[in-house]
Amino acid sequence: MLAVFDKSVAKSPEALQSPHSETISALKGGALGQHFASVHPSAVTVNLGSSGLLAYSLDRQNPLLPRLFAVVDDIFCLFQGHIENVALLKQQYGLSKTATEVIIVIEAYRTLRDRGPYPADQVMRDISGKFAFVLFDSSCKTAFLASDVDGSVPFFWGSDSEGNLVLSDDAEVVKKGCGKSFAPFPKGCFFTSSGGLRSYEHPLNEVKPVPRVDSSGQVCGATFKVDAESKKESSMPRVGSAANWSSQY
């Protein structure tokens, strides 16, 4: 799978950007989308206009970690992996028995967006399994992405030459667009357009970048680790209009 978001939707963290990286503009002329299609001939590309693009292929996928794609009410979602507590989540969100994992993720996001009763980290912790996903809400130009607590699904992110955010399960595709300005997406974390990167496994701890160094000794982006020493201030429960997750969280 591949997602490229314009920096106006999801700006890549500065720590991902390497000063010695040979990057390209992943969105200009659909460059990275075309490259993805060339290495995955059966790929389907979804043009998100000025917001970016999504692409996916069922080619060479792990049967234990399948890729899924769905669109519901202008919410686009790429999902890879499987959710273990599917039956429980279907019941929790009032979904039909035929609902797939990608539909569960969309419904979880929609619940958050529309003033759900739980904070985002709690909703993420409720999802048990091996997964990574990328979601885009075109109604409010919001991106939401996450990986499971064990990092079971290959998932990488990086920054192109213009600071746009690139995500894929294929490290070589990310390297093509981002050069050395990329890293594995941190496990047990989620990223939102408005709130940036946060840990849902350890929601009270800060997530901090740790510089990566390649074999030639050059800094190439950063990995992000939960800082066990730093604690965030606890917040009051969200109420009223401030509870709108998509703009406030």
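Just above sits the structure.
Rules behind the numbers
- Residues numbered from 1 in each chain as written.
- Predicted model: local features only at pLDDT ≥ 70, side-chain atom pairs only at ≥ 80, totals over all residues.
- Heavy atoms only, no water.
- Pairing = 2+ DSSP bridges.
- Helix = DSSP H or I, 4+ residues; strand = E, 2+ residues; numbered from the N terminus.
- Axes fitted to C-alpha atoms, helices over the stretch in contact; angles between N-to-C directions.
- Contact = heavy atoms within 4.5 Å.
- Expected span 1.5 Å × (residues − 1).
- Buried < 20%, exposed > 50% of the residue type's maximum accessible area, 1.4 Å probe, protein only.
- Parallel < 35°, antiparallel > 145°, perpendicular 65-115°, else oblique.
- Left-handed = near helix turned anticlockwise from the far one by under 90°.
- Nonpolar A, V, L, I, M, F, W, Y, C, P; charged D, E, K, R; others polar.
- Core = buried A, V, L, I, M, F, W, Y, C linked by side-chain atoms within 4.5 Å.
- Arc of directions from axis to C-beta.
- Polar contact = N/O pair within 3.5 Å; in protein donor to acceptor, adjacent residues only side chain to side chain.

Attention now moves to the sheet that holds strand β1 (residues 2-5). In space, the 6 strands of this open sheet follow the order β2-β3-β1-β9-β8-β10, with antiparallel pairing throughout. Unpaired on one side and paired on the other, β2 (44-47) and β10 (182-184) mark the two borders of the sheet. Adjacent strand axes in the sheet meet at a mean angle of 15° when their direction is disregarded. Both β1 and strand β3 (residues 52-56) contribute to a ladder of 4 bridges, which runs antiparallel. In the sheet register, L2 faces β3, and the bridge partner there is A55. Those strands touched by helix α1 (residues 31-39) are β1, β3 and β9 (165-168), and its axis lies near 175° from that of β1. Its contacts with the sheet place helix α5 (residues 171-178) against β1, β8 (156-159), β9 and β10, and it is angled at close to 5° to β8.

A few words on helix α3 (residues 101-113). Between its terminal C-alpha atoms α3 stretches 18 Å, which fits the 18 Å expected from 13 residues at 1.5 Å a residue. Most of α3 sits inside the fold, with 11 of its 13 residues counted as buried. Among the residues of α3, those classed as buried are E101, V102, I104, V105, I106, E107, A108, Y109, R110, L112 and R113. Just past α3, the residue R115 takes up positive phi, approximately 65°.

On to the packing of α1 against α5, then. Relative orientation of the contacting elements α1 and α5 amounts to 150°, with a least axis distance of 10 Å. By the angle between their directions, the pair α1 and α5 is classed as roughly antiparallel. The hand of the α1/α5 crossing is right-handed. Counting all contacts with α1, which are made through L32, H35, F36 and V39, the residues of α5 involved are V173, K176 and G177. Considered class by class, the residues forming the contact of α1 with α5 number 4 nonpolar, 2 polar and 1 charged.

As a further point, take the nonpolar core. Core analysis: the biggest nonpolar cluster contains 30 residues, and F5, L54, W157 and L167 have the highest contact counts within it. At the level of elements, β1, β3, β5 (75-83), β6 (129-137), β7 (142-147), β9 and β11 (189-192) are the ones that each hand at least two residues to this core. Per element, the largest residue contribution to this core is 3 residues, and it comes from β6. Look past the residues within four positions of L167 in its chain and what remains in contact with it is M1, L2, A3, F5, V134, L145, F155, F156, W157 and V174. Counting residues in hydrophobic clusters, the runner-up holds 26 residues, among them I83, Y93, A120 and F133.

Turning our eyes to something else, we now look at α1. Quick reminder: α-helices carry 3.6 residues per turn. Residues three or four places apart thus point the same way. Among all positions in α1, only L32, G33 and F36 are buried. Considered in projection along α1, the buried side chains sweep an arc of 105° and stay on one side of the axis. Away from its buried face, by an angle of more than 90 degrees, α1 presents the exposed residues Q34 and S38. Each element contacted by the buried residues of α1 is listed here: β1, β3, β9 and α5.

Moving on to the side chain of S168. With respect to the secondary-structure elements, S168 resides in strand β9. A relative accessible area of 0% means that S168 is categorised as buried. Side-chain polar atoms of S168 contact the backbone oxygen of M1, separated by 2.6 Å. With residues near it in sequence (within four places) discarded, S168 still touches M1, L2, P154, F155, F156, V173 and V174.

This part covers the environment of V174. Here V174 lies in helix α5. The class for V174 is buried, based on a relative accessible area of 0%. Setting aside its immediate chain neighbours within four residues, V174 contacts F156, W157, G158, V166, L167, S168, G179 and F182.

Turning our attention to the sheet that holds β7. Here 6 strands make up an open sheet; going across it, the order is β4-β5-β6-β7-β11-β12 and the pairing antiparallel. Edge positions in the open sheet fall to β4 (67-72) and β12 (196-199), since each of these has one partner strand only. Pairwise comparison of adjacent strand axes, ignoring direction, gives a mean angle of 15° for this sheet. Two elements, β11 and β12, share 4 bridges in a ladder whose sense is antiparallel. Residue F191 lies in a different strand from β12, and its bridge partner there is L197. The sheet strands contacting α3 are β4, β5, β6 and β7, and the helix crosses β5 at an angle near 125°.

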